[in-house]
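Structural features, examined
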Amino acid sequence: MALKQHSDATLRYQQQVDNSRNYVLPFIAQEFPDMKGLRVMEIGCGEGGVLTPFLEQGSFCVGVDLWPQRIELAKEFLGDYVASGQLQLIAKNIYDVDFAGEFRHSFDLIILKDAIEHIPDQDKLIAYLKELLTPNGQVYFGFPPWYMPHGGHQQICASKVLSFLPYIHLLPRPLYRGLLKSAGESEGTITELMELVDTGISIERFEKIAGRTGYDITRRKYYLINPIYKYKFNLQPREQFGWMKKLPFVRNFFTTCMYYMIKPKA
């Protein structure tokens, strides 16, 4: 079942703003209580909704996305901030030489919200982010653990049945692809969902990558019910049970969202 926000950019932007204002920013504020003048970059910024509350707090922001059309939408929503010089929006790959040269050691905070699970070679990316951070900078990650009920993002399926079926992304690859095809999903949707089979990330895998690429975890939060499910499924956010947080691997199946703050080791 394709949700309305998948095709309505304004609604999508408004939901991003609400989610960021009520959940993402307060979590990050525990590490950065004064946002005024903070240098912030979001990778995969989309329409810019996640950055909006930071702009409202007086942060200077850079939004980067590979899709020029989404950057153009962000400029429509946030044109006043762009005009004032408080926001820069860029359609570019962060690995480009000129990007790295311009922004080396520039950011106090880097945000990846629902992005890391789409990115291949996550070790390379997380290690590279240190080149873009200021000496006391940190990185925020928010993502759904791969093994959770909808960790394969099957909610984007056109089929109402498949979009609600939990754990189908954990089927063997040929069986999963066959199921998507038999349900009439488009080749674009099938390709996107199959790519997630390779890039989806678990709690343990993320923490191992952070450790071996030279970071300390400064803060983490487990959600039993992801805050964005308020918009997708009309469910109220709820943090994970304390005892479930302590069960390695098993917790992945019942934790629908993780928030992390990490910083380079001293």
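Look above for the structure.
From a predicted model like this one, the values you see are computed outputs, not experimental measurements. Throughout this description, residue numbers start from 1 for each chain and increase along the sequence as written. Local features in a predicted model are, by the rule used here, given only for residues with pLDDT of at least 70; side-chain atom pairs are given and counted only at 80 or more, and totals for whole chains, interfaces and linings are based on all residues. In computing side-chain values, all of the structure's heavy atoms are included and hydrogens and water are not.

Some remarks on the side chain of Thr199
- Mapping Thr199 onto the fold places it in helix α10 (residues 187-199).
- Throughout, a contact is declared for two residues whenever any of their heavy atoms are within 4.5 Å. For Thr199, the contacting residues outside a window of four places in its chain are Ile116, Glu117, His118, Ile119, Pro120, Gln122 and Arg205. Only DSSP runs of H or I covering at least 4 residues are called helices, and only runs of E covering at least 2 are called strands; the numbering of each starts at the N terminus.

Describing the packing of aromatic side chains
- Aromatic contacts are taken between Phe, Tyr and Trp rings whose centres are within 6.5 Å, Trp giving its six-membered ring; a plane angle under 30 degrees counts as stacked, one over 60 as edge-to-face, and the others as tilted. What the rule picks out here adds up to 19 aromatic pairs.
- On the basis of an interplanar angle of 45° and a centroid distance of 6.3 Å, the ring pair of Tyr167 and Phe253 is categorised as tilted. Here Phe253 lies in the loop between α13 (242-245) and β8 (257-264) and Tyr167 lies in the loop between α8 (160-164) and α9 (173-182), a separation of 86 residues in the sequence.
- Note on exposure labels: buried denotes an accessible area under 20% of the residue type's maximum, exposed denotes more than 50%, and partly exposed covers the range between, all computed with a 1.4 Å probe on protein chains only. On the accessibility criterion, Phe253 (22% relative accessible area) is partly exposed.
- With centroids separated by 6.2 Å and ring planes inclined at 15°, the aromatic side chains of Phe241 and Trp243 adopt a geometry described as stacked.
- Using a relative accessible area of 55% as the deciding quantity, one classes Trp243 as exposed.

A closer look at the pairing of strand β6 (residues 215-225)
- Criterion used throughout: strands pair if DSSP finds at least two bridges between them. By the bridge criterion, eight bridges tie β6 to β8 in an arrangement that is antiparallel. Paired with Ile217 across the bridge in β8 is Ile262.

Digging into unusual backbone geometry
- Positive phi outside glycine occurs at His105, with the angle close to 50°.
- Within the element layout of this structure, His105 appears in the loop between α6 (97-103) and β4 (107-113).
- Relative accessible area serves as the criterion here: at 45%, His105 is assigned to the partly exposed category.
- For Phe249, which is not a glycine, the phi torsion comes out positive at approximately 65°.
- For Phe249, a relative accessible area of 41% translates into the label partly exposed.

Observations concerning the nonpolar core
- Residues belong to a common nonpolar core when they are buried Ala, Val, Leu, Ile, Met, Phe, Trp, Tyr or Cys residues joined through side-chain atoms within 4.5 Å. Ile110, Leu129 and Phe141 are the most contacted members of the largest nonpolar core, which totals 33 residues.
- If we ignore the near neighbours within four places in the chain, the residues touching Ile110 are Met41, Ile43, Leu129, Leu132, Leu133, Gln138, Val139 and Tyr140.
- Val40, Leu51, Cys61 and Leu109 belong to the second-largest nonpolar core, a separate cluster that totals 29 residues.

A look at the sheet that holds strand β2 (residues 60-65)
- Judged by pairing direction, the sheet is mixed, and its eight strands sit side by side in the order β3-β2-β1-β4-β5-β8-β6-β7 without closing on themselves. Sheet topology places β3 (87-91) and β7 (238-239) at the edges, where each strand pairs with a single neighbour.
- Helix α7 (residues 122-129) contacts β1 (39-43), β4, β5 (133-143), β6 and β8 of the sheet and is inclined by roughly 145° relative to β5. Angles run from 0 to 180 degrees between N-to-C directions of axes, and those axes are lines fitted to C-alpha atoms, restricted for helices to the stretch in contact.

Digging into the layout of surface pockets
- Computed from the structure, the largest pocket encloses a volume of approximately 1,800 Å³.
- Residues are called lining when one of their atoms sits within 4 Å of a cavity or pocket point, these points coming from a 1 Å grid over the protein atoms alone, where a cavity is a set in which a 1.4 Å probe fits but cannot get out and a pocket is an open set with protein on both sides within 12 Å along at least five of seven lines. Lining the largest pocket we find 50 residues, and of these Gly44, Arg70, Asp114, Ala115 and His118 sit closest to its centre.
- The set of elements that each furnish at least two residues to the lining of the largest pocket consists of α1 (4-7), α2 (9-29), β1, β2, α4 (68-77), α7, α10 and α12 (229-232).
- Each residue gets one label: Ala, Val, Leu, Ile, Met, Phe, Trp, Tyr, Cys and Pro are nonpolar, Asp, Glu, Lys and Arg are charged, and the others, such as Gly, are polar. Considered class by class, the residues forming the lining of the largest pocket number 21 nonpolar, 15 polar and 14 charged. Grid points are joined across faces, edges and corners, and a volume is the space filled by probe spheres set on the points.

With respect to the packing of α9 against α10
- Taken N-terminus to C-terminus, the directions of α9 and α10 make an angle of 155°; their axes are 10 Å apart at the nearest point. With respect to each other, α9 and α10 are oriented roughly antiparallel. Pair α9 / α10 crosses with right-handed handedness. Where α9 approaches α10, its residues Arg173, Tyr176, Arg177, Leu180 and Lys181 are matched on the opposing element by Glu187, Ile190, Leu193, Met194, Val197 and Asp198.
- Grouping the constituent residues of the contact of α9 with α10 by class yields six nonpolar, no polar and five charged. An angle below 35 degrees is read as roughly parallel, one above 145 as roughly antiparallel, one from 65 to 115 as roughly perpendicular, and any other as oblique. Put simply, a crossing is left-handed when the front helix is turned counterclockwise from the back one by less than a right angle, and right-handed when it is turned clockwise.

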